[in-house]
Amino acid sequence: MHPPVGTLRAQEDRGNPDFTVADVVKLSLCPETGDRTSRPKHHQTLQHLEGCVLVVSVIEQLAQVHNSTVQASMERLCSYLPEKLFLKTTCYLVIDKFGSDIIKLLSADMNADVVCHTLEFCKQNTGQPLCHLYPLPKETWKFTLEKARRIVKKSPILRYSRSGSDICSLPILAKICQKIKSAIEQSVPFKDVDSDKYSVFPTLRGYHWRGRDCNDSDESVYPGRRPDNWDVHQDSNCNGIWGIDPKDGIPYEKKFCKGSQPKGIILLGDSAGAHFHISPEWITASQMSLNSFINLPTALTDELDWPQLSGVTGFLDSTVGIEEKSIYLRLWKRNHCNHRDYQNISRNGASSRNLKKFIESLSRNKMLDYPAIVIYAMIGNDVCNGKSDPVPAMTTPEKLYSNVMQTLKHLNSHLPDGSHVILYGLPDGTFLWDNLHNRYHPLGQLNKDVTYAHLYSFLNCLQVSPCHGWMSSNKTLRTLTSERAEQLSNTLKKIAASEKFTNFDLFYMDFAFHEIIQEWQKRGGQPWQLIEPVDGFHPNEVALLLFADRFWEKVQLQWPQILGKENPFNPQIKQVFGDQGGH
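A quick note: this is a predicted structure, and the numbers were derived from the prediction, not measured. (Residues numbered from 1 in each chain as written. Predicted model: local features only at pLDDT ≥ 70, side-chain atom pairs only at ≥ 80, totals over all residues. Heavy atoms only, no water.)

Enquirer: Outline the overall build of the protein chain, supporting the account with residue identities and numerical values.
Expert: What the protein chain contains, in helices and strands, is 18 helices and five strands. Here the protein chain holds 583 residues, and 61% of them are scored as buried. In the protein chain, 70% of the contacts between residues at least 6 apart in sequence involve partners at least 24 apart. Per element, the accessible surface of the protein chain, about 23600 Å² overall, is 53% carbon and sulfur. (Helix = DSSP H or I, 4+ residues; strand = E, 2+ residues; numbered from the N terminus. Buried < 20%, exposed > 50% of the residue type's maximum accessible area, 1.4 Å probe, protein only. Contact = heavy atoms within 4.5 Å. Areas by Shrake-Rupley, 256 points an atom, 1.4 Å probe, with all protein chains shown as cover.)

Okay, here's the thing in structure tokens:
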């Protein structure tokens with residue numbers, strides 16, 4: 001385990017805000033490359049290099065921005081970090097362990113690549129290409145590395161073992177670590193007293209991901225169920241509507257919700273659906289301040305995902321200043337009886353291949369619950385991987401058909417009658433390279449030295465790219481990836497057109513990113529502004545909300561029966577129950 005990476009390179013982090021550091025559970029799920037535990041150990045070492053280069057770059061740029069020493073810049077970085085998850089403490093321990101060598105190397109004008117190779121966060125295997133983010137030194141790489149090694153020759157830290165230092169090996173934490181690891185692997189809430197898959201805790205798969213439980217000691221009380229005895233005595237479905245109207249003795253749930261066709265929204269998705277997001281402020285020295293990392297502990301305990309702001313299940317007001325709302329909020333606005341009935345069953349690295357590992361976390365009872373609208377949106381990982389030759393690892397149309405049919409059969413055995421399932425196609429990801437390759441990455445903006453082309457090349461070299469096929473200078477490879485994505489979309493389209501199920505009807509919708517770009521350009525925006533700036537890959541919050549808007553328009557136009565009717569009692573619900581208990 002490498003502390004600076006575990007602390008600051010958030011892809012590696014999992015944790016519980018109550019007791020441990022950010023990487024308490026080393027369940028290393030890369031945002032789009034699937035289950036890292038099945039990947040060669042050598043790739044995990046390469047990810048240490050990626051994280052080390054990121055952290056050393058920030059230290060170097062903080063010193064430049066504030067015209068300070070490297071020592072002062074490391075201390076400044078640690079002072080910005082919150083106490084939660086022991087982030088600040090861990091940072092100071094890291095300075096104590098590695099600081100003197102980083103100072104020596106940066107003072108000798110060695111860049112972050114050289115520093116991290118010298119400190120052996122990456123063993124250079126024979127025949128393996130040299131991975132670097134920054135332009136190579138003017139002198140030969142071998143000469144520069146030998147010079148750097150002489151500078152730190154007597155350093156004790158090169159003997160520092162990165163194995164055996166996992167905090168979860170401590171007996172006092174072993175059991176709790178195992179529980180967190182299990183919760184993340186199974187995509188169910190860590191804190192769930194009654195085991196109904198709903199929680200009163202926001203992160204660690206809690207109510208950021210699915211509606212907040214309103215009674216965590218009763219497994220028969222949860223969002224989305226049909227009311228128990230019209231909720232005369234308690235709110236059994238957590239929509240905030242219960243009790244009896246004293247004027248006429250009719251239960252409020254019966255008066256306001258009966259016949260209104262309540263329904264939930266469920267997303268089966270990947271990191272795009274979960275809204276994977278690394279804040280640019282976390283790595284941009286010129287913008288960094290005490291406020292920059294306030295939301296880092298929350299982000300880490302949500303696996304660097306922000307489902308509470310996502311396009312399908314987001315329930316918080318947008319942080320990006322556009323009026324569009326999530327699909328869940330639109331369903332709630334249409335019928336307030338849908339309050340809290342959302343589930344974001346998405347995983348970083350999810351695909352048609354591995355959905356079966358966590359689809360059991362979906363909560364719907366055929367007999368007891370309301371119907372649901374299920375969106376299947378595995379939009380990238382069936383064609384995206386980080387391998388040096390990504391094409392053989394892509395899902396074939398035949399395999400996709402088999403995987404999706406397995407998923408649909410599972411849904412048919414769990415969803416109440418009257419549900420709807422919408423299969424989303426895959427995008428044409430060539431817009432990533434076309435719109436970003438010659439722009440500066442946040443790490444390269446200060447000195448105009450790192451473009452997205454450099455970042456993509458670095459990640460591809462390390463074989464940790466979220467999508468080598470599209471994030472590549474090789475036009476033939478980009479085209480091949482888009483061709484396979486189109487074949488898979490056509491397979492989904494055929495399934496929707498030809499397969500029939502008893503408990504839901506089935507639809508297909510194109511992932512038409514070009515339509516979103518056109519809409520954004522009409523508003524005076526540029527295509528690159530729709531992509532996450534740090535990873536250069538995921539659609540950002542603006543893009544996700546524009547997709548929600550486009551989805552809603554298309555469904556209203558083509559399949560209005562999916563959405564249910566507008567509830568005429570919404571004003572009365574608001575009058576009697578206010579915000580219905582909030583989210």
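That shown, we press on.
Enquirer: Kindly report on the pattern of salt bridges, identifying the contributing residues and their values.
Expert: By the definition in use, this model includes 14 salt bridges. With a shortest N-O distance of 3.6 Å, aspartate 382 and arginine 353 are connected by a salt bridge. Of this pair, aspartate 382 sits in the loop between strand 3 (372-377) and helix 12 (397-414) while arginine 353 sits in the loop between strand 2 (342-346) and strand 3, placing them 29 residues apart in sequence. Given the relative accessible area of 1%, aspartate 382 is considered buried. Linked through salt bridges whose partners overlap, the residues forming this network are Glu324, Glu519, Lys522 and Arg523. (Salt bridge = Lys/Arg side-chain N within 4 Å of Asp/Glu carboxyl O.)

Enquirer: Please set out helix 14 (residues 452-462) residue by residue, giving values where relevant.
Expert: Buried residues dominate helix 14, accounting for eight of its 11 residues. Phi turns positive, to about 60 degrees, at glutamine 463, one or two residues after helix 14.

Enquirer: How would you sum up the sheet that holds strand 3? Please name residues and give values.
Expert: Strand order in the open sheet made by the five strands is 2-1-3-4-5, with parallel pairing throughout. Whereas interior strands pair on both sides, the edge strands pair on one side only; in this sheet they are strand 2 and strand 5 (504-509). On average, each strand axis in the sheet is tilted by 15 degrees relative to the strand beside it, whichever way the strands run. Sheet strands touched by helix 11 (residues 327-334): strand 1 (264-269), strand 2 and strand 3. Its angle to strand 1, the strand with the most contacts, is close to 170 degrees. In the packing of helix 15 (residues 475-498) onto the sheet, contacts are made with strand 3, strand 4 (419-424) and strand 5, and the angle to strand 5 comes to roughly 150 degrees. (Pairing = 2+ DSSP bridges. Axes fitted to C-alpha atoms, helices over the stretch in contact; angles between N-to-C directions.)

Enquirer: Kindly report on the state of the cysteines, identifying the contributing residues and their values.
Expert: What is meant by a disulfide is a covalent connection between two cysteines, made through their sulfur atoms. Taken as a whole and judged by the stated rule, the model has six disulfides. Disulfide pairing places cysteine 257 opposite cysteine 337 at an S-S distance of 2.1 Å. Handedness of the cysteine 257-cysteine 337 disulfide follows from its S-S torsion of about -90 degrees: it is left-handed. Of this pair, cysteine 257 sits in helix 8 (residues 252-257) while cysteine 337 sits in the loop between helix 11 and strand 2, placing them 80 residues apart in sequence. Like cysteine 337, cysteine 257 is buried. Disulfide pairing places cysteine 384 opposite cysteine 467 at an S-S distance of 2.1 Å. Residues cysteine 384 and cysteine 467 share a disulfide whose torsion about the S-S bond is about -70 degrees; that sign makes it left-handed. (Disulfide = S-S within 2.5 Å.)

Enquirer: Outline the environment of aspartate 245, supporting the account with residue identities and numerical values.
Expert: Relative to the elements of secondary structure, aspartate 245 occurs in the loop between helix 7 (171-186) and helix 8. Among the residues examined, aspartate 245 registers a relative accessible area of 7% and is labelled buried. Separated by 331 residues in sequence, aspartate 245 and valine 576 place their C-alpha atoms 9.6 Å apart.

Enquirer: Help me get a handle on the environment of glutamate 83, residues and values and all.
Expert: Structurally, glutamate 83 is set in the loop between helix 3 (70-80) and helix 4 (87-107). The spatial distance from the C-alpha of glutamate 83 to the C-alpha of proline 297 is 9.3 Å, given a sequence separation of 214 residues. Beyond its immediate stretch of four places on either side in the chain, glutamate 83 contacts Lys88 and Thr89.

Enquirer: Lay out the environment of isoleucine 359 in plain terms, naming residues and giving numbers.
Expert: On the secondary structure map, isoleucine 359 appears in the loop between strand 2 and strand 3. Owing to a relative accessible area of 6%, isoleucine 359 belongs among the buried residues under this scheme. Separated by 13 residues in sequence, isoleucine 359 and serine 346 place their C-alpha atoms 9.2 Å apart. Ignoring anything within four residues of it in the chain, the contact list for isoleucine 359 reads Leu268, Thr407 and His410.

Enquirer: Describe the pairing of strand 5, and please don't skip the residues or the numbers.
Expert: The element strand 5 is extensively covered by neighbouring structure, given that five of its six residues are classed as buried. In terms of strand pairing, strand 4 meets strand 5 through six bridges, oriented parallel. Bridging across to strand 5, isoleucine 422 finds its partner in phenylalanine 507.

Enquirer: Which residues make up the pairing of strand 4, and what values do they have?
Expert: Burial analysis of strand 4 places six of its six residues in the buried class, the great majority of the element. Residues Ser419, Val421 and Leu423 line one face of strand 4 and the alternating positions His420, Ile422 and Tyr424 line the opposite face, and both faces are buried. With four bridges connecting them, strand 3 and strand 4 associate as parallel partners. Bridging from a neighbouring strand, isoleucine 373 pairs with histidine 420 of strand 4. For the segment spanning strand 3, helix 12 and strand 4, crossover handedness is right-handed. (Right-handed = clockwise from strand over helix to strand, strands pointing away.)

Enquirer: Explain a negative patch on the surface to me, and be specific about the residues and the numbers.
Expert: Negative charge collects at one region of the surface, where Asp428, Asp434, Glu483 and Glu486 lie side by side. Position of glutamate 483 relative to the elements: it lies in helix 15. We classify glutamate 483 as partly exposed; its relative accessible area is 41%. (Patch = residues over 30% accessible without salt bridge, like charges linked within 9 Å, V, L, I, M, F, W, Y side chains within 5 Å. Lys, Arg positive; Asp, Glu negative; His and termini not counted. Charge placed at Lys NZ, Arg CZ, Asp CG, Glu CD.)

Enquirer: Can you tell me about the confidence of the model for the protein chain, naming the residues and giving the values?
Expert: The predicted model of the protein chain has a mean per-residue pLDDT of 90, with 88% of residues at 70 or higher. Segment residues 1-40: pLDDT under 50, and 157 contacts once partners within four positions in sequence are set aside and those in other chains are kept. Across residues 158-164 the pLDDT falls below 50, and counting only partners more than four positions away or on other chains, this stretch makes 17 contacts in the model. (pLDDT = per-residue confidence, 0-100.)

Enquirer: How would you summarise the packing of helix 3 against helix 4 if you had to cite specific residues and measurements?
Expert: Running from amino to carboxyl end, helix 3 crosses helix 4 at an angle of 160 degrees, the nearest separation of the two axes being 9 Å. Taken together, the axis directions place helix 3 and helix 4 in an arrangement best described as roughly antiparallel. The two elements helix 3 and helix 4 meet at a crossing, and its hand is right-handed. Where helix 3 abuts helix 4, its residues Val70, Gln71, Met74, Glu75, Cys78 and Ser79 lie against Lys88, Cys91, Tyr92, Ile95, Gly99, Ile102, Ile103 and Leu106. (Parallel < 35°, antiparallel > 145°, perpendicular 65-115°, else oblique. Left-handed = near helix turned anticlockwise from the far one by under 90°.)

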